[in-house]
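What the coordinates show
Residue-level listing of the chains:
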Amino acid sequence: MIVIYLQQKYDNQIMEKPIIAELSRSEFGRRLRTAIAHEPYSRSPTAIALEFNRRFPHLAVTGHAVRKWLMGEAIPTQDKLVALAEWLDVDPAWLRFGAASVPSISGPTREFSDGIERDIGLLTDDERKVIRVAINAIFSTRKLRGILPA
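In this report, we go over the structure that sits alongside the text. Worth saying up front: this structure is predicted, and the values here are computed from it rather than measured.

What counts and what doesn't
- Residues numbered from 1 in each chain as written.
- Predicted model: local features only at pLDDT ≥ 70, side-chain atom pairs only at ≥ 80, totals over all residues.
- Heavy atoms only, no water.
- Axes fitted to C-alpha atoms, helices over the stretch in contact; angles between N-to-C directions.
- Helix = DSSP H or I, 4+ residues; strand = E, 2+ residues; numbered from the N terminus.
- Parallel < 35°, antiparallel > 145°, perpendicular 65-115°, else oblique.
- Left-handed = near helix turned anticlockwise from the far one by under 90°.
- Contact = heavy atoms within 4.5 Å.
- Core = buried A, V, L, I, M, F, W, Y, C linked by side-chain atoms within 4.5 Å.
- Buried < 20%, exposed > 50% of the residue type's maximum accessible area, 1.4 Å probe, protein only.

Notes on the packing of helix α2 (residues 45-55) against helix α3 (residues 63-70)
- Running from N to C, α2 and α3 cross one another at 110°; their axes reach a closest spacing of 8 Å. Considering their axes alone, α2 and α3 lie roughly perpendicular with respect to each other. Note on packing geometry: the crossing formed by α2 with α3 is right-handed. Contact residues: P45, T46, I48 and A49 in α2; G63, V66, R67 and L70 in α3.

Pasting the structure below:
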């Protein structure tokens, strides 16, 4: 009796993860279709891929990948998602997770007019580590000069 209960509980846990992931992909596809609906060109995956690649050649995608995004079969990598959000003029967190999951930010916020946050979001993890080392070096120098409190 206990073995059957544990097996059912284990089976339910295995089933929940794919369902949640599938729902997440499906909702992402819906939000992407909504955002693209406001654009003045063809909604075909091939046309969308061409427009995306024209804007972000370093992040090139195929029509097949875009079709999977639109159909809710896949979610793009973070760098492509950030680029999509920039292109479609939507919040990346909304595009990926939906309005309800956008965290509120406490304290003052500032958008940089030079697009540095967007550019950093397009970098790979290793490239962001290089930027972090550079920023840490700048702050360390400021601390030594007494410009920045310790």
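Structural notes on the nonpolar core
- One finds L32, F52, W69 and L84 to be the most contacted residues of the largest nonpolar core, which totals 23 residues.
- Counting residues per element, the ones that place at least two in this core are α1 (2-36), α2, α3 and α4 (78-88).
- With seven residues, α4 is the single largest residue contributor to this core.
- When neighbours within four sequence positions are excluded, F52 is seen to be in contact with L59, V61, K80, A83, L84 and W87.

So, to be careful, I would describe these as geometric facts and stop short of saying anything about function.
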